[in-house]
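Residues per chain are reported as follows:
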Amino acid sequence: MTRYIIRRIISVIPTLIGVTFVIFMFQRLIPGDPAIAMLGEHATEDSINRIREQFGLNRPLFLDREALATGDLSGFFDSQYVNYMERLSHLDLGESIHRRIPVLETLKLRFPATVELSLLSMIIAILIGIPVGIISASRRNSLIDSVSMVGSLIGVSMPIFWLGLMEIMLLAVILKWLPAGGRLSTGFEINGITHLYLVDSLLNGDLAGFKDALSHIIMPAVALATIPMGIIARMTRSSMLDVLQEDYIRTARAKGLGGRLVLFRHALKNAALPVVTIIGLQAGTLLAGAVLTETIFSWPGIGRWVYDAILGRDYPIVQGGTLLIALIFVAVNLIVDILYALLDPRIRYK
Amino acid sequence: MSKKLFYLIISLLMAGSLVLGACAPKPTPVEEAAPAEEAAPAEEAAPAEEAQAEEVAAEKIPLTLYYMPVTRFYYPSPKEIGEAMAADLANAGFDVQLELAGDWPTYLGLRREGNLDGLYMLGWGGDNGDPDNFLNYFFGFSSADKVGDDPAAWVKSPEKREGWYANTDVAYLLYQASINPDQSAREEMYKQVENMLHDDVARLWVAHNNTPLVFSSAVSGYVPQPVGADYFEGVKVEGSDTFVFGRGGDSVQLDPAVVTDGESFRVTGQVLEPLYQYEPGSTKPIPALAESCTPNENSTEWTCTLRQGVKFHDGTDFNADAVIFNFDRWRFTDNPYHYDSQVFEYYEYMWGGFDDASVITAVEKVDDYTVKFVLSQPLAPFLANLAMDMFAISSPAAIEAAGEDYGLPSNGCVGTGPFKFVEWVEGDHITITPNEDYWGGAPTVDVVFRVIADDSARFLALKAGDIQGLEQAVVEDLAAAEADDALYVLTRPALNTGYLAFSYKIVEFQDVRVREAIAHAINRQGLIDNFYGAYGEVAKTFLPPLIWGYDDTIEDWEYNPELSRQLLAEAGFPDGLSEVTIDPTFVTE
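Engineer: Please give an account of the confidence of the model for chain B that cites residues and values.
Structural biologist: Residues and elements named next belong to chain B. When pLDDT is averaged across chain B, the result is 87; 89% of the residues are at 70 or more. Least confident of the elements in chain B is helix H2 (residues 35–44), whose mean pLDDT is 37; most confident is helix H10 (residues 320–331), at 97. Confidence over residues 17–58 falls short of pLDDT 50; this stretch has 29 contacts with residues more than four positions distant or in other chains. For this predicted complex, the interface confidence score (ipTM) comes to 0.85, while the overall pTM stands at 0.81.

Next comes the structure, spelled out in structure tokens:
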């Protein structure tokens, strides 16, 4: 098992190199020059060239063939991609073109916001989705089954921006229970090691801070949870239904075991495998940043940040952000694979 | 086996990206960009080019209308407006294809290279309230092309002009107006230019749009400015000592000399002050940090008396040295605080260039509170330029301390203005607090600029009380705000113009009758009624009515599809126009 994990981690390296290359080249294939995007409509040719030079954008993308022709070997490697990989090798993600802030620094601030939001959404989705799926499966074709499946279908197909605006309308504008957006009220400050405000405020014993952070995160978390919640409920239900028809369940019931014991001890564990896969995929998607939710609720996460950077052609942010997102997907998949082995004794990794 | 498959996919991916990388367009080296070298051999190659011309001329392209990929004041919903224009044009015999050329940087890039081949939507927001800033920027020639005193000898270089439209007579008049110190003479010249452009149908001017701002009724004292940052200093909020203002995007940097976006100036305009400022609610320059600036006889020297006893927020004195420090930093590319990573774009653009190219050739200290600006030529809009947010005076000590990081979120900016910078949480909010020692009287509330990117969410945040004022709301929300007792709407008078440009490299558009036919085909009042709500008005000339020099006597093109068809027929297209030809010589009249 340990060897398997180590091998998997090593195999991540070529994947990530591939990702850097694809992202690097693809964003440069989109027309539009970062220097023009930065300088705006009345920039002179000189200024544009100077900024391009400053950020190395005047160099060839991948290897300089012309330099090779003249026998200049160091010139051959002096290209945007090679320079980028060289910096990346000592974990330097570069600086934002527009604000010259190191990408890593902003990531440290923004990624925890995304993690906090997606974790809470995932917890909501799991806590509601799985029980709903189990109940539906155990009372197949009953009224409760129909209601919860229609409900989960609505959840899956709900446009997030609409749901988000309706939440704000009801809870912030009409009832005035919750703030309409942001991560904290002005004047509040929560410091701590995790940068997850809910966790940090509890660790600091800062109850007012916890309340404020919670009031800000509830609406976006619920909005973000609807889709995975629906998917998890439906997946749990169908997986449970499959398992409940197995012979061993009938045997267990024939032995006279109670319905609840059969359901949770015997059926659920075996039905969990596809559900875990789905949860893993959904968690990856959420962590990759929920652009719409972050926009509607002014949530300072990475989704909106990378999105704005793509529009502004801020290459270092796009590169740093997508690399992190790729890393998350790889890590989540790894965790899911390991969970398989724990859940299903038949799966063994060598 | 799955492992093999995995490695196979990875290697395929990498190979694929290698191929892509090899095909990717190589960036143009700096040297190749110089157009002068290409211009010279062009004459020699003329016969060959003509032969090619016939070949290319046979090739037709569909008549295309490019709509903007982003919303701007002057085009609140570009796609829908484009569709409406296309429908109007179809009604008059123009079979137009609507096209999205890419996102905003792509669109600007294509426009810059002159490759939006057809009709395209664009607009302009004024920088300093002077007609020169509208007309000369679009229709004037750069100093390199103004060869000698005889306009006939001026270099047209249509490839440098927007839409390939080069009009030497207009450019000459604009040049004359830009150096004439006599204000009333200038006014007449700009009116003349507007008429020339109108007669030539150089563009179809579409709309000016006043900007609505929505406030909670607890807020009073906010003054929207047609040019420059709004005045926040008089704001009072009933029952609160903080005013939270919601906006769609974050500032880029807080050093106004190196940025070009309104969201940056909105903040720096409260913290820093220029020597002049604009009178509240108008575009007229009035004294700020200077008590007065007076020109010599031919307005090539301006002597400014500075306000005494003013201190920067860091406690250092504002005086002639501070003014000279700032202007020298902007002007000289070898100044230690003029960093390579920074582009002092507005200095270059408003003052003609850096170093020797700068119109300001010296900023001299007469005494501690008097400076003299020496100009290389009379510059009529001098005070209007001086009052721009970009030329606000920063504390030299703060710039020396922060170096290249001055204006970044970690440092903010240090000036003499009514508010002091407190903090900037990137992407979230910027906080400023009253400067108790402000010479004009201290403000009473802290101001927080909060970023809420989504228009609807921002409006809901206002209704929920999270914020007390905002800019940019959808038309439906504005109507709701007008009807809501707890809210009210202020408008910022328009200093912008949306237009429809013709690419003059298209042969058919070189005929003024075709351009006029397009002008008569589009129902602009209909566009205003449908897309601008109560805040827009039809533009009949490039200058918005607010600016002096606006000629109200110009007779606008009426909406008349019949007349349009008739003009099109006269131009030789009785069956309408669906395909156009690119002129391979790119020469315009």
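Right, picking up where we left off after that structure.
Engineer: Account for unusual backbone geometry, naming residues and giving values.
Structural biologist: With a phi angle near 55°, Leu91(A) is a residue other than glycine that sits in the positive phi range. Checked against the element boundaries, Leu91(A) lands in the loop between helix H6 (80–89) and helix H7 (103–138). The exposure class of Leu91(A) is exposed, given its relative accessible area of 68%. Notably, Ser157(B) is not glycine yet its phi reads approximately 25°, a positive angle. Positionally, Ser157(B) belongs in the loop between helix H6 (131–139) and helix H7 (168–179).

Engineer: Tell me about the sheet that holds strand S12 (residues 290–295) of chain B, and please be specific about residues and values.
Structural biologist: All names here are of chain B. Spatially, the 4 strands line up as an open sheet ordered S12-S13-S15-S14, and their pairing is antiparallel. Sheet topology places S12 and strand S14 (360–367) at the edges, where each strand pairs with a single neighbour. With direction set aside, neighbouring strand axes in the sheet form an average angle of 20°. Taken together, the 5 bridges between S12 and strand S13 (residues 301–306) define a ladder with antiparallel strand orientation. Of the residues in S13, the one forming a bridge with Pro-295 is Trp-302.

Engineer: Account for the interface of chain B and chain A, naming residues and giving values.
Structural biologist: Between chain B and chain A, the residue contacts involve 62 residues of the former and 64 residues of the latter. Both faces combined, the contact of chain B with chain A buries some 5400 Å², and carbon together with sulfur accounts for 57% of it. Looking at the side of chain B facing chain A, the largest losses of area belong to Arg112(B), Glu426(B) and Leu460(B), adding up to 12% of the total buried there. The tally of links from chain B across to chain A stands at 4 salt bridges. The shortest N-O distance in the salt bridge between Arg313(A) and Asp103(B) comes to 2.8 Å. Taken together, the links from chain B to chain A amount to 11 residue pairs in polar contact (both at pLDDT 80 or more). For the side of chain B that touches chain A, the elements supplying multiple residues, two or more each, are helix H1 (2–23), helix H5 (104–112), helix H11 (345–351), strand S18 (446–451) and helix H14 (455–464) of chain B. Tallying contributions element by element places H1(B) first for the side of chain B that touches chain A, with 10 residues. Classifying every residue of the side of chain B that touches chain A by side-chain character gives 33 nonpolar, 12 polar and 17 charged.

Conventions used here
Residues numbered from 1 in each chain as written. Chains lettered and ligands numbered in written order. Predicted model: local features only at pLDDT ≥ 70, side-chain atom pairs only at ≥ 80, totals over all residues. Heavy atoms only, no water. pLDDT = per-residue confidence, 0-100. Helix = DSSP H or I, 4+ residues; strand = E, 2+ residues; numbered from the N terminus. Contact = heavy atoms within 4.5 Å. Buried < 20%, exposed > 50% of the residue type's maximum accessible area, 1.4 Å probe, protein only. Pairing = 2+ DSSP bridges. Axes fitted to C-alpha atoms, helices over the stretch in contact; angles between N-to-C directions. Buried area = accessible area lost by both parts, 1.4 Å probe. Salt bridge = Lys/Arg side-chain N within 4 Å of Asp/Glu carboxyl O. Polar contact = N/O pair within 3.5 Å; in protein donor to acceptor, adjacent residues only side chain to side chain. Nonpolar A, V, L, I, M, F, W, Y, C, P; charged D, E, K, R; others polar.

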